[in-house]
Amino acid sequence: MRRTLAPALASLALLSAGSAHGVETVKIGAALSMTGAGAPYGPNQRAGLQLAVDEINKGGSLKGIQLELVVEDDGSTKEQAINVYQRFINRDKVSVIVGPTLSTMATAADPIAQGSKVPVLAVSNTAAGITEIGDHIWRDSLTEKQVIPGALRRAQAKLGFKTAAVFYGNDDVFTKAGYDVMKASLETMGVRILGTQTFAKPDRDFTPQLTELKGLKPDVLVVSALADNASAIVSQARQLGYTGPIVGGNGFNSPAFVKNAGPAAEGVLVGTAWNRASTDPVNVKFIEAMKARGVNPDQFAAQAYTGGLVIAEAIRQAGMKGGREDILAGLAKVKSLDTPLGKFSFTPGRDADHEPALQVVKDGAFAIVQ
Amino acid sequence: MAQQVVNGVFIGSIYALFALGYTLVFGVLDILNLAHQAVFMLCAFVALTLVESLHLHPLLSFPIAVAAGGAIGIALERVAFRPLRGRANSNIAGLISSIAVATIVEAVALAAWGPDQQRFPFGMIPEAHARALPGLQRALGISVTVVQIIIFAIALLVLAALTVLVRRTRLGRQIRAVAENPTAARILGVNVDRVIAAAFFVSSALGAAAGVLYGVAYNYVAPDMGRAVELKGLAIIILGGMGSMPGAVIAAYVLALCEVWTVAAFGSSYRDVVSFAVLFLILLLRPRGLLGAAATREA
Amino acid sequence: MVGWLQEAWLTYQSVVAFIGLNAILALSVYATLACGQLSLANAGFMAIGAYTGGLLTQKTGLPLAPILAACTAVPALVAVPLGLPVLRLRGVFLAIATIGFGEMVRLWFVNWDYTNGALGLVGLPQRAGPLLVYACLGAAMFALWRLRGSRAGYALESIRQDESAARTMGVNTTAYKLGMFVTGAALAGLAGGLEAHLTFMVSPSGYSFSRVVDMLVYAVVGGATGVVGPVVGAAFLTALPEVLRAAGSALGVAPGPLRLFVNGLVLLVVILFLPNGIASLPSRLRARSRERRSRAAPAA
């Protein structure tokens, strides 16, 4: 989906010709991580978003409007994210931006969209402080603050743990935010935190920290990490002989985690924004459609797909208008929309509002804990 | 705690192999070869490809990957270092040249294998995570897997072979002669070019060995795997003394154990600060490191 | 027509600004290379400058000018006690020591709660723009150019050629080396402060070892024997990923690896065949044609 100036100008002409001529093209710019630290999540997000756009265009539910998806790699660096946003806003003239994949990039690039009055729909940012950037920033991904407490409470109901050890990555916005929430939740639940250790994203050897934590004999190990680190952490914990339960944050929510951790991933509990076992027809059809495209859907695909549905709904709510301000106004009116995530609405703070779920890794795949 | 010592010794062995390659090239050519970590990474991928695509037994793919590393080292020397040998600022130019090569290799790896981490197939080494001598382990309060023992054994074997090479063989003597004084060595009839090439072969083979073992030990093979090790490696060779091979080995274990102890005592936030603090202090207080003899000040 | 220009400007203004920033960073590396020292500490100084600027903007209501002055001054002050012991080390050891410093600074910021650790400072107002960046770049280039032509400049060049000889001739090598080290730190700090006010945030991940390698590449590729060289290098290599985006997709290679590959290849070619950088190309070609001409014509 590379753009050059001429087609951009052509579509600009088309856009301004607009509704008077029958088919209006509304552009969605997706800044996703295809390389770098966010790479485990980006491709599935693209797949989910593309599926939504294709289905909406084919279904014709947006009378007279075709959605066009432009995807660019933000390289998981803030400079590239900013450049991509600039291109989307000024050259491609998108009506709405989806992304970026990682919260760290969002804090750098979203202010630009806010300043240029372009709405942004985050589909995977889960740290605090994102929607606070401005009234044009929305998200459909439940924050760690919304998922983790519920997940921990459900886990405790099942396992009955009284003490915990916590391990988190202190050099990433997302994992640190996850840790803050985990700590607060555990304390609220009356669980004693016996010890806390940290690691950094580039680390591969977690044995010293894990040895320390194991030595404290906690009832449960709670980990906030991105997928790559998560698989190594879990493998090494089991290797060291830790047999207790492990609860992971949102970074664990990736098939990459399960694949790389192998047998060590069995039994790991993870809170999730997406209940894949939901028998809701929208969800079932979503999973089938993704599998038909050769993609095994994960939470990120589901949230991205939902993002597509939300944007379409916003356009509908704005009276079938696809301009930037139209979509902004329309987002505010999205209520109880049927999505694979459940009935979706926004909170007054423009965050996602729906029920989270708890998963466990069983036989090499995520299964919902009822 | 006994387990922490085990952890430290284990990672220390891999660091030692890596650092040896670094220090060997420095000793012989007075150049810091920052492409070393690229060979480390590339050969881990080579081994991975051999195992996954050609279904070669891991114990067979190890020596092949190591030999490949050596060959790459020779090519590296020919392309990136030899043309610079006459120049006045050859060590800085060499450093920059090695950075260039490292960048190219990383780019090729990214294009060929993608940025995601990969791992060696499960069950590659049968019962890879089974414990050896569980009774003894329980008694000592430690946990060591079969894979870790194999890796440790291989590392020791390579170290032993290297020692024999350097101390007992003619090539080893020649390498030491060139490291001491290339001009004198040449006058004495040593083919300096060939010796340097041989040194690079050995150095890169060591890096390759470290890479494969690391990839197996941590189930992590990715184009960026060399980064963290590269900087640790620097700290190790400074601590051990640039150009000193026994120094590199001792320093590798010392640093690894220091790190582990830091984590145990202070928590892991400052784990990496240890290597750099050590590096810094050594450079300021005793630049020749523990066992080094190279001149480190201005003349 | 004007609309197209306007649109192009809006789209590419951040690339233009980054070129200017990278040029300042390249000059900061050039500062120490000018007297023959390879210092790789500038990512650390840049971080110090950036955080200084960010914190001042967040906590005080000071106007931008004094803040930028602080961004330049604080790293310079840090560079003095650092430089004195470190500059005694030769070549590679200096390089390693400065790498170590840079990493320690980064790790410090990653772990410091006052600056929000890994998250860094966010939500900074965008007080700097391409114009300001290029104004600073112009000032830096001018200052360095004047320095080169002055007596101090000659002293630096003599140190670069042969330090012990220079010392024997009475040049105060320690003072000069320290002076350029501090200058490099100041420039890097200024660039850091500008970047913080350009990209809305300061995050420790932007000041890693690869950042300083980038700076080094700009300076070397452009040519570290003159003031124009580093700027040329920075412009060339910053614009390259944007230019290559189209070519890369035609070849089916992702932009990331392609950019890295070209960076590495260009650096390798330059260091092997054009050690004084791209900027030395015109003078080399001139020398080559002069040689050819004198060979063709018989001696008078």
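Since we're looking at a predicted model, the values are computed, not measured. (Residues numbered from 1 in each chain as written. Chains lettered and ligands numbered in written order. Predicted model: local features only at pLDDT ≥ 70, side-chain atom pairs only at ≥ 80, totals over all residues.)

### Things to note about the environment of A273(A)
Residue and element names in this part refer to chain A. So the rule is basically this: Helix and strand assignments come from DSSP, with helices taken as H or I runs of at least 4 residues and strands as E runs of at least 2, each series counted from the N terminus. In this scheme every C-beta is placed from the backbone, and a residue whose C-beta has 20 or more other C-beta atoms within 10 Å is buried, one with 12 or fewer is exposed, and one in between is partly exposed. A pair of residues counts as a contact when their C-beta atoms, built from backbone coordinates, are separated by no more than 7 Å.
Looking at where A273 falls in the secondary structure, it is placed in the loop between β10 (269–272) and α10 (281–292). The class for A273 is buried, based on 26 C-beta atoms found within 10 Å. Counting along the chain gives 26 residues from A273 to Q299, while the straight-line C-alpha distance between them is 6.8 Å. Apart from the residues within four sequence positions on either side, A273 is in contact with S141, L142, V147, Q299, Q303, L341 and P356.

### Side note on the interface of chain B and chain C
Stated formally: Note on residue categories: nonpolar means Ala, Val, Leu, Ile, Met, Phe, Trp, Tyr, Cys or Pro, charged means Asp, Glu, Lys or Arg, and polar means any other residue, Gly included.
The interface of chain B with chain C comprises 37 residues on the first partner and 37 residues on the second. Within the residue set of the side of chain B that touches chain C, elements represented by two or more residues are α4 (90–113), α10 (226–240) and α12 (271–285) of chain B. Looking at the side of chain B that touches chain C element by element, the count peaks at 16 residues for α4(B). Residues of the side of chain B that touches chain C, tallied by class, amount to 28 nonpolar, five polar and four charged.

### With respect to the pairing of strand β1 (residues 24–32) of chain A
Residue and element names in this part refer to chain A. Stated precisely, the cut-off is as follows: At least two DSSP bridges between two strands are required for those strands to pair. Handedness rule for crossovers: strands pointing away from the viewer, path from the first strand over the helix to the second running clockwise, crossover right-handed.
In terms of residue burial, β1 counts as a mostly covered element, since eight of its nine residues are buried. Both β1 and strand β2 (residues 65–73) contribute to a ladder of nine bridges, which runs parallel. When the sheet's bridge partners are listed, I28 is paired in β2 with L69. The parallel pair β1 and β2, bridged by helix α2 (residues 42–59), forms a crossover whose chirality is right-handed. As paired elements, β1 and strand β3 (residues 96–98) share three bridges and run parallel to each other. Within the sheet, the bridge partner assigned to G29 lies in β3 and is I97.

### Description of the domain arrangement of chain A
The extent of an interface is frequently quoted as the accessible surface area lost upon association of the parts. Residues and elements named next belong to chain A. Basically, it comes down to this: Note that the domain bounds were set by an automatic or database domain assignment.
When the domains of chain A are assigned, the result is domain 1 (5–142 + 279–353) and domain 2 (145–272). Each of domain 1 and domain 2 has a C-alpha centre, and these two points are 31 Å apart. When residues of the side of domain 1 that touches domain 2 are assigned to their parent elements, the largest contribution, three residues, is made by helix α4 (residues 103–115). Here the side of domain 1 that touches domain 2 is built from residues that sort into seven nonpolar, six polar and one charged.

### A few points about the sheet that holds strand β6 (residues 163–169) of chain A
All names here are of chain A. Short version of the rule: Axes here refer to lines fitted to C-alpha atoms; in helices the fit is confined to the stretch in contact. Angles between the N-to-C directions go from 0 to 180 degrees.
With respect to topology, seven strands assemble into an open sheet ordered β7-β6-β8-β9-β10-β14-β15, the strand pairing being mixed. Of all the strands in the sheet, the pair left with one neighbour each is β7 (192–199) and β15 (365–368). Taken pair by pair, the neighbouring strands of this sheet meet at an average axis angle of 25 degrees, ignoring direction. Of the strand pairs in this sheet, β6 and strand β8 (residues 220–224) are connected by five bridges, and their pairing is parallel. Bridge pairing links F167 to V223 in β8.

### A closer look at the sheet that holds strand β11 (residues 337–339) of chain A
Residue and element names in this part refer to chain A. Taken in spatial order, the three strands make up an open sheet running β11-β12-β13, and their pairing is antiparallel. The open sheet has two edge strands with one neighbour each: β11 and β13 (352–353). With two bridges joining them, strand β12 (residues 342–346) and β13 adopt antiparallel strand pairing. When the bridges of β13 are listed, F346 appears paired with A352. In the packing of helix α11 (residues 299–317) onto the sheet, the strands contacted are β11 and β12, and the crossing angle to β11 comes to about 155 degrees.

### Concerning the packing of helix α2 (residues 42–59) of chain C against helix α3 (residues 64–86) of chain C
Residues and elements named next belong to chain C. Going by this rule: Between 65 and 115 degrees an angle is taken as roughly perpendicular, under 35 as roughly parallel, over 145 as roughly antiparallel, and anywhere else as oblique. Definitions for this section: a left-handed crossing has its near helix turned counterclockwise from the far helix by less than a right angle. A right-handed crossing has that turn clockwise.
For the pair α2 and α3, interaxial distance at closest approach is 8 Å and the crossing angle is 140 degrees. Here α2 lies oblique to α3, going by the angle between them. Between α2 and α3 lies a crossing whose hand is right-handed. Counted together, F45, I48, G49, T52, G53, L56 and T57 of α2 and I67, L68, A70, C71, T72, V74, P75, V78 and A79 of α3 form the full contact between these two elements. Split into classes, the residues belonging to the contact of α2 with α3 amount to 11 nonpolar, five polar and no charged.

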